[in-house]
Amino acid sequence: MKAANLLVRCALFWGSAVVQAQPSVGKAALSSAMPAELHSHLPAGQLAGRARLSVWGFQVYDAALWIAPGFKANAFEEHAFALELAYLRNFTAAQIASRSLAEIGRQRPVQAERAAAWERQLLEVFPDVQTGDRITGIYQPGSGARFLVNGAFRKSLSDVEFSRLFFGIWLSEATSEPAMRRDLLSRVNP
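Residues numbered from 1 in each chain as written. Predicted model: local features only at pLDDT ≥ 70, side-chain atom pairs only at ≥ 80, totals over all residues. Heavy atoms only, no water.

## So, the overall build of the chain
Here comes step 1: Summing up its helical and strand segments, the chain has 6 helices and 7 strands in all.
Here comes step 2: In sequence order, the secondary structure elements of the chain are arranged as α-β-α-β-β-β-α-α-β-β-β-α-α.
Here comes step 3: The long-range fraction of contacts in the chain, counting pairs at least 24 apart against all pairs at least 6 apart in sequence, stands at 65%.
Here comes step 4: In the form shown here, the chain has an accessible surface area of approximately 9100 Å², with 54% of it arising from carbon and sulfur atoms. (Helix = DSSP H or I, 4+ residues; strand = E, 2+ residues; numbered from the N terminus. Contact = heavy atoms within 4.5 Å. Areas by Shrake-Rupley, 256 points an atom, 1.4 Å probe, with all protein chains shown as cover.)

Encoded structure:
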């Protein structure tokens, strides 16, 4: 098991060439009902799509995207939405923050001081996760993001640029995971 965890961690830190998105499976993936904790943020929310991130055959997390009517994929930053990650492996907050910053850096260069500030913010947002834990990010256009852990409020971030780039990890056309983006947006009308 230690070797499997090491392989997943290596893949998470050294690029995504070996990462693949695949439609998520299992009973949880069959439900299109929005989690109760999201109703106040997206009253008319609907499931846009689901995907599973796997690294070298090891399952990392299931992702689900919840959107409001009128959502446009190519202008995702103009719309409220929620992205839920249900972890299938254990990770430390530092691992999640580091990988998030690397993926943001793939979208556009980030100055070292700004990256350090964002890393501090991420370490406040993300706890260490265990298999089965859920982290949900709720994007609020023009004002930032709110984060929930296992359905309970964790932290809000008012940095609009960071929030846009963070959710761009999954939704930007510049994502390193275009198959995952496609699956998450599978129910969005063009």
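Further notes follow.
## Focus: the packing of aromatic side chains
Here comes step 1: A complete count under the given rule lists 15 aromatic pairs for this structure.
Here comes step 2: On the basis of an interplanar angle of 35 degrees and a centroid distance of 6.0 Å, the ring pair of phenylalanine 126 and phenylalanine 166 is categorised as tilted. Taken together, the positions of phenylalanine 126 in the loop between helix H4 (112-125) and strand E5 (134-140) and phenylalanine 166 in helix H5 (residues 160-171) put the pair 40 residues apart, joining distant regions of the chain. For the pair formed by phenylalanine 126 and phenylalanine 166, the shared burial category is buried.
Here comes step 3: Chaining the aromatic ring pairs together yields one cluster made of Phe71, Phe76, Phe81, Trp118, Phe126, Tyr139, Phe147, Phe162, Phe166, Phe167 and Trp170. (Phe/Tyr/Trp six-rings, centres within 6.5 Å; stacked < 30°, edge-to-face > 60°. Buried < 20%, exposed > 50% of the residue type's maximum accessible area, 1.4 Å probe, protein only.)

## Overview of the nonpolar core
Here comes step 1: Counting residues in each nonpolar core, the largest one holds 44 residues, and the members touching the most others are Tyr61, Leu65, Phe81, Phe166, Phe167 and Trp170.
Here comes step 2: A per-element tally of this core places H5 first, with 7 residues.
Here comes step 3: Once you skip the residues sitting within four places of it in the chain, tryptophan 170 turns out to touch Tyr61, Leu83, Leu85, Thr175, Met180, Arg181 and Leu184.
Here comes step 4: Counting 9 residues, the second-largest nonpolar core is a separate cluster that includes Leu42, Leu47, Ala64 and Ala82. (Core = buried A, V, L, I, M, F, W, Y, C linked by side-chain atoms within 4.5 Å.)

## Let's talk about H5
Here comes step 1: Here H5 contains 12 residues, and its C-alpha end-to-end distance of 16 Å stays within 8% of the 16 Å for a straight helix at 1.5 Å per residue.
Here comes step 2: Taken residue by residue, H5 has Phe162, Ser163, Leu165, Phe166, Phe167, Gly168, Ile169, Trp170 and Leu171 as its buried positions.
Here comes step 3: Measuring from the side-chain oxygen of the N-cap residue of H5 to the backbone nitrogen of glutamate 161 gives 3.2 Å; that N-cap residue is aspartate 159. (Expected span 1.5 Å × (residues − 1). Polar contact = N/O pair within 3.5 Å; in protein donor to acceptor, adjacent residues only side chain to side chain.)

## Details of the pattern of salt bridges
Here comes step 1: Across all of its chains, the model carries 9 salt bridges by this definition.
Here comes step 2: Of the charged contacts, one joins arginine 114 and glutamate 161 as a salt bridge, the two residues approaching to 2.4 Å between their closest N and O atoms. Taken together, the residues arginine 114 in helix H4 and glutamate 161 in helix H5 connect sequence positions 47 residues apart.
Here comes step 3: Each of Glu37, Glu84 and Arg134 takes part in a single network of salt bridges with overlapping partners. (Salt bridge = Lys/Arg side-chain N within 4 Å of Asp/Glu carboxyl O.)

## Points about unusual backbone geometry
Here comes step 1: If you check the backbone angles, tryptophan 56 has positive phi at about 50 degrees while not being a glycine.
Here comes step 2: Looking at the secondary structure, you find tryptophan 56 in the loop between strand E2 (46-55) and strand E3 (58-67).
Here comes step 3: Positive phi, close to 50 degrees, is recorded for asparagine 150, a residue that is not glycine.
Here comes step 4: Here asparagine 150 is to be found in the loop between strand E6 (144-149) and strand E7 (152-157).
Here comes step 5: Judged by its relative accessible area of 38%, asparagine 150 is partly exposed.

## Quick look at the packing of H4 against H5
Here comes step 1: Viewed as axis vectors pointing N to C, H4 and H5 meet at an angle of 75 degrees, and their least axial separation amounts to 12 Å. Of the possible angle classes, the one that applies to H4 and H5 is roughly perpendicular. Residues Arg114, Trp118, Gln121 and Leu122 of H4 lie in contact with H5, whose contacting residues are Glu161, Phe162, Leu165 and Phe166.
Here comes step 2: Of the residues contributing to the contact of H4 with H5, the split by class is 5 nonpolar, 1 polar and 2 charged. (Axes fitted to C-alpha atoms, helices over the stretch in contact; angles between N-to-C directions. Parallel < 35°, antiparallel > 145°, perpendicular 65-115°, else oblique. Nonpolar A, V, L, I, M, F, W, Y, C, P; charged D, E, K, R; others polar.)

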